[in-house]
Amino acid sequence: MPADPTPDGTTVLGASDVSRALTRIAHEIVERAKGADDVVLLGIPTRGVTLAHRLAERLAGIEPAFDPAASTGELDVTMYRDDLRRQPTRAVGVTRLPQAGIEGRTVVLVDDVLYSGRTIRAALDALGDLGRPRAVRLACLVDRGHRELPIRPDFVGKNLPTSTSERVRVLLSEVDGVEDAVVISGREHGEGGAR
Amino acid sequence: MKHLLSTADLSKDEAVLLLDTAAQMAATQSREIKKLPTLRGRTVVNLFFEDSTRTRISFETAAKRLSADVINFSAKGSSVSKGESLKDTALTLHAMGADAVVVRHWASGAPYQLAHAGWLDAGVLNAGDGTHQHPTQALLDAYTIRRHLVGLRGGAGEGVGADLAGLKVAIVGDVLHSRVARANVALLHTLGAEVTLVAPPTLVPVGVETWPCAVSYHLDQTLAEFQPDAVMMLRVQRERMSGGAGGFFPSPLEYTRYYGLDARRLARLADHAIVLHPGPMNRGLEISAEAADSDRAVIVEQVANGVAVRMAALYLLMAGEDSAEGNDL
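The written sequence of each chain sets the order in which its residues are numbered from 1. Going through the entries in the order they are written, you letter the chains from A and number the ligands from 1. This being a predicted model, a pLDDT of at least 70 is required before a residue's local features are given, and a value of 80 or more before pairs of side-chain atoms are given or counted; all residues contribute to the totals for chains, interfaces and linings.

Some details on the sheet that holds strand β3 (residues 100-105) of chain B
Residues and elements named next belong to chain B. At least two bridges found by DSSP between two strands is the condition for calling them paired. Helix numbering and strand numbering both begin at the N terminus, where a helix is a DSSP run of H or I of at least 4 residues and a strand a DSSP run of E of at least 2. Spatially, β2-β1-β3-β4 is the arrangement adopted by the four strands of the open sheet, whose pairing is parallel. Sheet topology places β2 (69-74) and β4 (123-129) at the edges, where each strand pairs with a single neighbour. Between one strand axis and the next, the sheet turns through 15 degrees on average, direction left out of account. Relative to β3, strand β1 (residues 43-48) runs parallel, the two being bridged by five bridges. Considered in β3, the bridge of Val44 is made with Ala100. Axes here mean lines fitted to C-alpha atoms, for a helix over just the part in contact, with angles spanning 0 to 180 degrees between N-to-C directions.

Laid out in structure tokens, this is it:
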């Protein structure tokens with residue numbers, strides 16, 4: 001995914017907004033799981049992995065017993081996608097699970113933008129082949145709607161009503177080398193940010 | 001990539017992508033559930049005109065691990081033994097809706113013909129044609145070499161993303177009849193490794209001077225001077241030599257003395273060097289039992305890596321967008 005480092009479009013979340021949203025999601029995860037003992041954060045490449053690492057640091061800040069390195073992983077869903085034949089061949093990414101595995105734990109899938117829900121469906125199938133978590137939850141930084149499957153997120157950074165012609169991009173300093181931002185491009189008339 | 005016919009057609013980027021994809025496929029093969037849904041509903045036909053155990057089983061395993069349906073077709077006991085031509089066989093496969101055809105044939109160039117004659121619109125994977133090419137074998141050899149010599153020697157992640165620049169590989173034995181040697185010379189050269197062929201003059205093919213490699217007639221001298229990081233022993237293909245060992249070397253014993261890998265030659269290799277063999281081995285002819293069973297030998301691992309490499313090849317050939325009708329978004 002070659003990201004243009006200087007995109008045009010409307011910035012709807014700045015670096016501090018992204019940071020606050022992640023902190024809130026971290027608190028919600030702890031609240032929902034009544035602690036962070038059995039929580040495993042699995043990021044979906046590419047930006048979901050970065051977000052999972054940032055969430056893990058925040059969880060460790062809230063619950064000192066939480067070990068970020070031992071509870072964070074990445075889950076590549078390429079081989080489980082249902083749209084492989086509609087696109088040029090994708091390179092297969094890395095799947096890396098925490099040493100202790102996911103059996104009986106609470107897995108939080110982390111992705112940047114939730115759109116059709118097909119990536120998450122693929123992720124759920126991939127998880128099924130890896131073990132049986134006690135529960136699976138979904139955290140995303142942006143929910144832009146237009147779901148094609150009955151999937152809903154548990155933790156959302158920002159609900160962003162969009163039209164399908166628009167493009168939502170999450171930029172993260174680790175991946176894109178620019179300041180954190182959520183950018184919408186392709187808007188037909190520039191009517192401010194989202195509600 | 002639509003077909004995989006020859007390693008000479010692969011660019012360096014394509015070769016590295018194949019090896020990297022194989023590394024990810026190998027990672028899935030250590031799980032409890034090894035099957036992936038990736039190629040569900042697609043059909044792979046194994047079309048084997050020549051005897052093979054490990055390549056056919058390896059391709060079959062790879063296709064099944066990706067959830068494809070596999071049809072095995074061997075020339076023995078089929079209408080080929082009644083005189084059916086390759087073209088008619090191909091038209092039959094086309095009518096049955098094969099998405100990929102894995103073909104092994106005794107005639108060099110048969111897979112090329114199958115891919116380009118317009119008989120089939122399926123992807124064609126060459127699983128060995130005559131004395132021409134055996135690309136998946138070369139890829140699994142390169143994968144094994146990379147894992148051991150780039151990955152385990154300080155490189156991160158088993159050498160993912162790396163080529164084989166700076167490594168030295170000696171390919172020893174029956175080069176004349178070997179499609180494995182031809183496929184390996186092209187691929188290893190593309191990946192940046194330096195290759196020396198070692199064989200008796202009678203088993204060196206005409207025209208070898210145009211290959212991107214050096215040629216030596218002396219194994220001991222090559223081991224001492226070239227200092228290979230990997231030694232690949234080739235099988236002496238006696239079935240292709242008319243009348244037993246007919247005329248290519250005076251006696252099997254003499255061949256073993258001059259070109260066999262035994263404990264003495266094994267001890268002269270560098271500490272990190274590995275020994276490969278595409279199998280099946282003639283123990284006591286080109287490789288002694290000590291060498292074949294030593295810690296240096298990665299021959300059993302080659303077989304395991306074969307499944308991952310073939311999964312990668314099937315994935316890259318079959319998973320992407322295709323031109324099949326009714327497949328638009």
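Notes on the domain arrangement of chain B
All names here are of chain B. Each domain's extent was defined by an automatic or database domain assignment. Structurally, chain B comprises domain 1 (7-133 + 305-318) and domain 2 (135-303). Residue pairs qualify as contacts under a 7 Å threshold applied to their C-beta atoms, which are placed from the backbone. Of the residues lining the interface, 25 residues belong to domain 1; the matching set on domain 2 comes to 25 residues. Where the side of domain 1 that touches domain 2 is concerned, the elements lending two or more residues are α1 (12-28), β4 and α11 (299-318). Here the term charged refers only to Asp, Glu, Lys and Arg, the term nonpolar to Ala, Val, Leu, Ile, Met, Phe, Trp, Tyr, Cys and Pro, and the term polar to all other amino acids, Gly among them. Here the side of domain 1 that touches domain 2 is composed, by residue class, of eleven nonpolar, nine polar and five charged.

Some points on the packing of helix α2 (residues 54-65) of chain B against α11(B)
Helix packing for two helices is described by the angle between their axes and how far apart those axes are. Residues and elements named next belong to chain B. With their axes 8 Å apart at the nearest point, α2 and α11 run at an angle of 55 degrees to one another. Judged by the inter-axis angle, α2 sits oblique to α11. The chirality of how α2 crosses α11 is right-handed. Seen from α2, the contacting residues are Arg54, Ser58, Phe59, Thr61, Ala62, Ala63 and Arg65; seen from α11, they are Val303, Gly306, Val307, Arg310, Met311 and Leu314. Looking at side-chain class alone, the contact of α2 with α11 contains seven nonpolar, three polar and three charged residues. For classification purposes, an angle smaller than 35 degrees is called roughly parallel, one larger than 145 roughly antiparallel, one from 65 to 115 roughly perpendicular, and anything else oblique. Crossing handedness: left-handed means the near helix sits turned counterclockwise from the far one by under a right angle, and right-handed means the same turn made clockwise.

Considering the UniProt feature "short sequence motif: PRPP-binding" (unreviewed entry) in chain A
UniProt positions are given in the numbering used here, feature names are shortened, and annotations may be inferred rather than shown by experiment. Mapped onto this structure's residue numbering, the UniProt feature "short sequence motif: PRPP-binding" (unreviewed entry) falls at residues 107-119 of chain A. Helix makes up 15% of residues 107-119 of chain A and strand 62%, and the two end C-alpha atoms of the span are 16 Å apart.

A word on helix α3 (residues 86-96) of chain B
Residue and element names in this part refer to chain B. Along α3, the positions that sit buried rather than exposed are Thr89, Ala90 and Leu93. For α3, the arc enclosing every buried residue in end-on projection is 100 degrees, short of the 170-degree limit, so these residues lie on one face. Contact partners of the buried residues in α3: β1, β3 and α4 (110-116). Where α3 terminates, the next one or two residues include Gly97, which has phi positive at roughly 80 degrees. Whether a residue is buried, exposed or partly exposed is read from the other C-beta atoms within 10 Å of its own C-beta, which are placed from the backbone; 20 or more gives buried, 12 or fewer gives exposed, and intermediate counts give partly exposed. This arc is built from the directions going out from the helix axis to the C-beta atoms.

Examining the confidence of the model for chain B
Residues and elements named next belong to chain B. As a per-residue quantity, pLDDT reports the predictor's confidence and falls between 0 and 100. Of all residues in chain B, 94% have pLDDT values of 70 or greater, and the mean over the chain is 90. Here residues 323-329 is a poorly scored stretch, pLDDT under 50, and it has three contacts once near neighbours within four places are set aside; other chains count. With a pTM of 0.88, the predicted complex shows an ipTM of 0.79.

Quick look at the interface of chain B and chain A
The interface is formed by 16 residues belonging to chain B together with 15 residues belonging to chain A. When residues in the side of chain B that touches chain A are grouped by element, the largest group, four residues, is from α1(B).

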